[in-house]
Amino acid sequence: MKKILLFLFLVIGINAAAQTVGYSRRVLAADDSNVKYSVVKRDSAYYIIATISSARTKFLPESTMLVKNYDGEVIKLRGSLIDNHTKSIGRVEENVIQSETYVYSTAQFRITPEQFELIKNGIAKVRLSTIPVEHERAFRKDKIGRKLYQFYLKADNF
C-alpha cells in the first residue's frame, strides 16, 4: 500500500503536468514491451521514472539504468522499485476468449543536473536491469534523450 501511495505522490502530487516519452520493443514476438520515461523533481533531487509494460519483464528491487550518449560517455543511474502489478484482459478470436496478462513495473532512478547535461544531445543506448532478461535498446537517432532534458528543464522551473 505504501508503494502505491508513493507512486501516486510521485506521479500526481509532484508534477501534475508530467509528460512521458517512450518506445516499443519487439523481441521475436515473444515479449513485446513498451517503455515510458518521465522526469520528476522531489525537494532538490531529480528522478527519471521508468515504466515497463510487457508480458513478463519486471524491475529488480534495486535496479540500475545505464545510458550511453552519442559521445560514448556512459552514465550509471541507481534506482529502486516503486511498484509491480499485473493486468489481465480477454479478447475474442473466432468465438474463443483468449486471456492476456500484462506486467506493469515502475522504478525511479536518481539523476543529477550534470548527468542531464550529458544526455541533452541524445541517448544512443539504454540498458535497464530487469528480470527475467536485461532490457537493452540502441537508437540510431535519439528518441528519448532530448525529451528527457526538456522534461528536466520544465521540472526545474516548476
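Placed above this text is the structure.
Counting starts from 1 at the beginning of each chain's written sequence and moves along it residue by residue. Local features in a predicted model are, by the rule used here, given only for residues with pLDDT of at least 70; side-chain atom pairs are given and counted only at 80 or more, and totals for whole chains, interfaces and linings are based on all residues. The side-chain numbers reported here are obtained from all heavy atoms of the structure, hydrogens and water having been left aside.

### A short note on the overall build of the chain
Part 1: Strands here mean DSSP runs of E at least two residues long; helices mean DSSP runs of H or I at least four residues long; both are numbered from the N terminus. Looking only at helices and strands, the chain has 3 helices and 10 strands in total.
Part 2: Along the chain, helices and strands appear, N-terminal first, in the series α-β-β-β-β-β-β-β-α-β-β-β-α.
Part 3: Look at the contacts in the chain between residues 6 or more apart in sequence, and 61% of them connect residues 24 or more apart. The contact criterion used throughout is that any non-hydrogen atoms of two residues lie within 4.5 Å.

### Remarks on the nonpolar core
Part 1: If you look at the biggest cluster of nonpolar residues, it comprises 30 residues, and the most contacted ones within it are Tyr37, Ile48, Met65, Phe116, Leu128 and Leu148.
Part 2: When neighbours within four sequence positions are excluded, Leu128 is seen to be in contact with Val35, Tyr37, Ile52, Phe59, Thr64, Met65, Phe109, Glu134 and His135.
Part 3: What we call a nonpolar core is a set of buried Ala, Val, Leu, Ile, Met, Phe, Trp, Tyr and Cys residues that are connected through their side-chain atoms within 4.5 Å. The cut-offs for exposure are 20% and 50% of the maximum accessible area for each residue type, with area from a 1.4 Å probe on protein chains only; residues under the lower value are buried, those over the upper are exposed, and the others partly exposed. Ranked by size, the runner-up nonpolar core spans 5 residues in total, among them Val40, Ala45, Tyr47 and Ile82.

### A word on the packing of aromatic side chains
Part 1: Stacked, tilted and edge-to-face pairs are distinguished by plane angle, under 30 degrees for stacked and over 60 for edge-to-face with tilted covering the rest, among Phe, Tyr and Trp rings (Trp via its six-membered ring) whose centres lie within 6.5 Å. The tally for this structure, following the rule as stated, stands at 7 aromatic pairs.
Part 2: With a centroid separation of 5.7 Å and 45° between ring planes, the pair formed by Tyr149 and Tyr152 is classed as tilted. Here Tyr152 and Tyr149 lie together in helix α3 (residues 145-157), a separation of 3 residues that amounts to about one turn. For the pair Tyr149 and Tyr152, one class covers both residues: buried.

### Considerations on the pattern of salt bridges
Part 1: The salt bridge definition used is simple: a Lys or Arg side-chain nitrogen within 4 Å of an Asp or Glu carboxyl oxygen. Enumeration according to the criterion identifies 8 salt bridges in this entry.
Part 2: Where Arg127 meets Glu134, a salt bridge forms, and the shortest distance between an N and an O atom there is 3.5 Å.
Part 3: What makes Glu134 partly exposed here is its relative accessible area of 44%.
Part 4: Residues Asp142 and Arg146 are paired through a salt bridge, measuring 3.9 Å at the closest nitrogen-oxygen approach.
Part 5: Look at Arg146 and you get partly exposed, because its relative accessible area is 46%.
Part 6: If you follow the salt bridges from partner to partner, you end up with Lys125, Arg127, Glu134 and Glu136 in one network.

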